[in-house]
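# Tertiary structure, described
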Amino acid sequence: MNDTMQTLFNWLHVDTLTEFWWVVFGLAGQLLFTCRFLVQWIASERERRSVIPIAFWYFSLGGGLVLFTYALYRADPVFVLGQSLGVVIYARNLWLIHAEKRGV
């Protein structure tokens, strides 16, 4: 392993390439989760009032699922519990939105 890669591994607190890719996966989930705030902010600025677009819930669900999976890999019970409830809430909100559109 070259010095640059070793520095990156040290910075990310990983020892193996497998752990490195799990951290990349977790960071991607965090990026998805962060995008939900950007989507909500932009939509609210356009409407000049607070709104929550459907994309907010999709980014929430996607980011939550990735972070939940990452938390399971890390075997972090606090992180697992924190993400699991959110995933249920995001999925339920999407179900309610789609049920309303179907007239259910």
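This one's a predicted model, so the numbers in the text were calculated from it and none came from an experiment.

### What about the overall build of the chain?
Regarding its fold elements, the chain presents 4 helices and 0 strands. Here the C-alpha atoms of the chain give a radius of gyration of 17 Å, more than 25% beyond the 13 Å that 2.2 N^0.38 yields for 104 residues. When the backbone C-alpha atoms are referred to their principal axes, the chain occupies close to 55 × 30 × 20 Å. Scored against the burial criterion, the 104 residues of the chain give a buried share of 29%.

### Remarks on the packing of aromatic side chains
In this structure the tally under the stated criterion is 9 aromatic pairs. When the ring of W22 is compared with that of Y73, the centres are 4.2 Å apart and the planes differ by 5°; the resulting orientation is stacked. Remark: Y73 occurs in helix α3 (residues 54-74) and W22 occurs in helix α2 (residues 17-47); sequence separation between them is 51 residues. A relative accessible area of 32% means that Y73 is categorised as partly exposed. Aromatic side chains Y70 and F79 sit 6.3 Å apart centroid to centroid with 80° between the ring planes, which places their arrangement in the edge-to-face category. For F79, a relative accessible area of 25% corresponds to the partly exposed category. Of the aromatic side chains, those joined through ring pairs into one cluster are F33, F37, F56, W57 and Y90. Its end group placed over the ring of F33, R36 keeps NZ or CZ at 4.0 Å from the ring centre.

### Quick look at the side chain of Q83
Locating Q83 in the fold gives a position in helix α4 (residues 77-102). In this structure, Q83 is in contact with G64, L67 and F68, ignoring residues within four places of it in sequence.

### Structural notes on the packing of α2 against α3
Packed helices, taken two at a time, are described by their axes: the angle between them and the distance between them. Packing of α2 against α3 leaves a shortest axis separation of 8 Å and a crossing angle of 155°. Classified by the angle their axes make, α2 and α3 are roughly antiparallel. Crossing geometry of α2 relative to α3 is assigned as left-handed. A class-by-class count of the residues in the contact of α2 with α3 yields 14 nonpolar, 10 polar and 2 charged.

Conventions we followed
The residue numbers shown here count from 1 along each chain, following its written sequence. Restriction of local features to residues with pLDDT of at least 70 applies here, the model being predicted, together with a cutoff of 80 or more for giving and counting side-chain atom pairs; totals for whole chains, interfaces and linings are based on all residues. Calculation of side-chain values draws on the structure's entire complement of heavy atoms; hydrogens and water are dropped beforehand. Every helix listed is a DSSP run of H or I at least four residues long, and every strand listed is a run of E at least two residues long, numbered separately from the N terminus. Radius of gyration: C-alpha atoms only; globule rule: 2.2 Å multiplied by the number of residues to the exponent 0.38. Type-normalised accessible area, obtained with a 1.4 Å probe on protein chains alone, sets the label of each residue: buried when under 20%, exposed when over 50%, and partly exposed for intermediate values. Aromatic contacts are taken between Phe, Tyr and Trp rings whose centres are within 6.5 Å, Trp giving its six-membered ring; a plane angle under 30 degrees counts as stacked, one over 60 as edge-to-face, and the others as tilted. A positively charged side chain is recorded as over a ring if its NZ (Lys) or CZ (Arg) lies within 6 Å of the ring centre. The angle to the ring normal must also be within 35 degrees. Here, residues are in contact when the closest pair of their heavy atoms is within 4.5 Å. Fitted lines through C-alpha atoms give the axes, limited to the stretch in contact for helices. The angle between two N-to-C directions lies from 0 to 180 degrees. The labels follow the angle: roughly parallel below 35 degrees, roughly antiparallel above 145, roughly perpendicular from 65 to 115, and oblique for the rest. Each crossing gets its handedness from the near helix: less than a right angle anticlockwise from the far helix is left-handed, clockwise is right-handed. Here the term charged refers only to Asp, Glu, Lys and Arg, the term nonpolar to Ala, Val, Leu, Ile, Met, Phe, Trp, Tyr, Cys and Pro, and the term polar to all other amino acids, Gly among them.

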